[in-house]
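# Coordinates in review
Here is what each chain is made of, one letter per residue.
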Amino acid sequence: MVIEFLQFLGSNTRSSFTKLGRGTRFLLQTLSGSASVFPRPRLLLNQLYSVGVLSFLIITISGLFVGMVLGLQGFYILSDFGAEETLGVMVAASLVRELGPVVSALLFAGRAGSALTAEIGLMKATEQLSGMEMMAVDPIKRIISPRFLAGLISMPLLAALFSAVGILGGQLVGSGLLGVDEGAYWSQMQAKLDFQDDIINGVIKSIVFGFVTTWIALFEGYDSIPTSEGVSRATTRTVVNSAFSILGLDFILTALMFGDD
Amino acid sequence: MKNAHTQDTLVGLFVAAGIAGLFFLALQVSNLSSFTDHESYTVTARFQNSGGLKVKSPVSAAGVKIGQVVSISFDPKNFESVVNMSIDSKYNSLPDDTTASIFTAGLLGEQYVSLEPGGSEEYLRNGGKIEITQPAIILEKAIGQFLFKSAEEKK
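Values in this document were obtained by computation on a predicted structure and should not be read as measured data.

## A short note on the overall build of chain A
Broken down by element type, chain A carries 8 helices and 0 strands. When the helices and strands of chain A are placed in sequence order, the string is α-α-α-α-α-α-α-α. C-alpha extents for chain A along the principal axes are approximately 65 × 55 × 35 Å. Relative to its 261 residues, chain A shows a buried fraction of 47%. For chain A, restricting intrachain contacts to residue pairs at least 6 apart in sequence, the fraction spanning at least 24 positions comes to 84%. Summed over its atoms, the accessible surface of chain A is roughly 12,500 Å², and 68% of this surface lies on carbon and sulfur atoms. Computed over 16 positive and 20 negative side-chain charges, the inter-centroid distance for chain A is 16 Å.

In structure tokens:
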């Protein structure tokens, strides 16, 4: 009984470390394969389309609504203190620092990450990847690296769009419907938000999230058991693991970036 | 999948929109446009009490923001608060007998340094010292004194 339990613990721990090791090796291969993408920009462009352009709509619409909700809730709370004018600061700071990078990364994991895992998992299940190896085409260079780069490029752009659209949405609700002064909305925001501390840190966050999410999505697909059930499990794992890593990393990054303020 | 040309256009639009979003955040949302690294000079003022003053608190003269607080430290010899301020070089004609006071913007607002120019012919230079200062008004202290006084009067 005890022995079995210990065996269970041991094998689980060991297999998760083995998986982490494989994931790291996979990441290193992907990074070293990235250089070979630049001579063939078409590969990258195709992936930018399916990873970035197709996520554009969900990101902007979600950003708009998140900003509008922030405007509404912020107004209710701030008007208790007669501080409606600082609505712009509240909306912009929460979007640029936290919600922009985090929510767009979660949406990105759901929209683009799961698609990447399913695509690569199916390629593996239908033996397209082995077929490429047979033809002396490196699937890492040909399939994985362009997708990785596309995710890395798209994520900061999508997060910036999310924040920008959200701030406009907050302004729409705040000064359009609830009567906060438009000049105060913008000027308070500009006075309080710092380029270095807020905007750049938000962009750094989104780059980190893009890196991690795309890595997880590609690795889960590449590492999936090549059956229909295996691919479906890998897709689930992508979304779950991405969400955990995004939220966990967000805490660490926030503690590092906004520590002494 | 769409044909290659439309796809390129869409990718181009996407990247352009993303970069436009970044520019919007940088210029419209943050203070990048108002702080394009103006030349500035530093002056020091010693306060008995700098209250809730923070690094980056505004420094203003006649209600106009002309600089910001760079650092605040405690001088263990004189038990004073040493406040370093950087002031925009455009405003290099502040007399050296300028008074620095710490005020609060509104009842609950943030604290700022207000400079009131004196009548001297000499100007404050980089590294200059403001000799005449007025400490921050601590609301609790003021209320305490007021209560104490009114209690005394009743006796």
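Resuming the write-up.
## Focus: the interface of chain B and chain A
Contacts between the two partners involve 24 residues from chain B and, on the opposite side, 29 residues from chain A. Counting the surface lost from both chain B and chain A, the interface buries some 2,400 Å², and carbon and sulfur atoms represent 73% of this. Remark: the boundary between chain B and chain A carries 1 salt bridge. Taking the shortest distance from any N to any O, the salt bridge between D8 of chain B and R42 of chain A comes out at 3.1 Å. At the boundary of chain B and chain A, one finds 2 residue pairs in polar contact (both at pLDDT 80 or more). Of the residues that constitute the side of chain B that touches chain A, the class distribution is 14 nonpolar, 6 polar and 4 charged.

## Topic: the packing of helix α2 (residues 41-80) of chain A against helix α3 (residues 87-125) of chain A
All names here are of chain A. Remark: α2 packs on α3, axes separated minimally by 9 Å, with the N-to-C direction vectors making an angle of 145 degrees. Relative to α3, α2 is oriented so that their crossing is right-handed. Broken down by class, the residue content of the contact of α2 with α3 amounts to 17 nonpolar, 8 polar and 1 charged.

## A few points about the confidence of the model for chain B
Caution applies to low-pLDDT regions: their predicted coordinates should not be interpreted in detail. All names here are of chain B. Taken over all residues, the pLDDT of chain B has a mean of 83, while the share at 70 or more is 91%. For chain B, helix α2 (residues 139-154) is the element with the lowest average pLDDT, namely 84, and strand β4 (residues 80-88) is the one with the highest, namely 89. As scored by the predictor, the complex reaches a pTM of 0.78 and an ipTM of 0.79.

## Brief notes about the side chain of S163 of chain A
As for its position among the elements, S163 of chain A is in helix α5 (residues 139-177). The exposure class assigned to S163 of chain A is buried, which follows from its relative accessible area of 2%. In this structure S163 of chain A touches L95, V96 and G100 of chain A together with L25 of chain B, once residues within four positions along its chain are discounted.

## Some remarks on the sheet that holds strand β5 (residues 99-104) of chain B
All names here are of chain B. Overall, mixed pairing links the 8 strands, which are arranged β7-β1-β4-β3-β2-β6-β5-β8 in an open sheet. Because the sheet does not close on itself, it has two edges, and the strands there are β7 (128-130) and β8 (132-134). Neighbouring strand axes in the sheet, compared pairwise and without regard to direction, differ in orientation by 30 degrees on average. Sheet topology places strand β2 (residues 58-61) next to strand β3 (residues 64-75); 4 bridges connect them, and they run antiparallel. Within the sheet, the bridge partner assigned to P58 lies in β3 and is Q68.

## Comments concerning a negative patch on the surface
Taken together, the side chains of D96, E121, E122 and E131 of chain B present a region of like negative charge at the surface. The topology assignment puts D96 of chain B in the loop between β4 and β5.

What counts, and at which threshold
- Residues numbered from 1 in each chain as written.
- Chains lettered and ligands numbered in written order.
- Predicted model: local features only at pLDDT ≥ 70, side-chain atom pairs only at ≥ 80, totals over all residues.
- Heavy atoms only, no water.
- Helix = DSSP H or I, 4+ residues; strand = E, 2+ residues; numbered from the N terminus.
- Buried < 20%, exposed > 50% of the residue type's maximum accessible area, 1.4 Å probe, protein only.
- Contact = heavy atoms within 4.5 Å.
- Areas by Shrake-Rupley, 256 points an atom, 1.4 Å probe, with all protein chains shown as cover.
- Lys, Arg positive; Asp, Glu negative; His and termini not counted.
- Charge placed at Lys NZ, Arg CZ, Asp CG, Glu CD.
- Buried area = accessible area lost by both parts, 1.4 Å probe.
- Salt bridge = Lys/Arg side-chain N within 4 Å of Asp/Glu carboxyl O.
- Polar contact = N/O pair within 3.5 Å; in protein donor to acceptor, adjacent residues only side chain to side chain.
- Nonpolar A, V, L, I, M, F, W, Y, C, P; charged D, E, K, R; others polar.
- Axes fitted to C-alpha atoms, helices over the stretch in contact; angles between N-to-C directions.
- Left-handed = near helix turned anticlockwise from the far one by under 90°.
- pLDDT = per-residue confidence, 0-100.
- Pairing = 2+ DSSP bridges.
- Patch = residues over 30% accessible without salt bridge, like charges linked within 9 Å, V, L, I, M, F, W, Y side chains within 5 Å.

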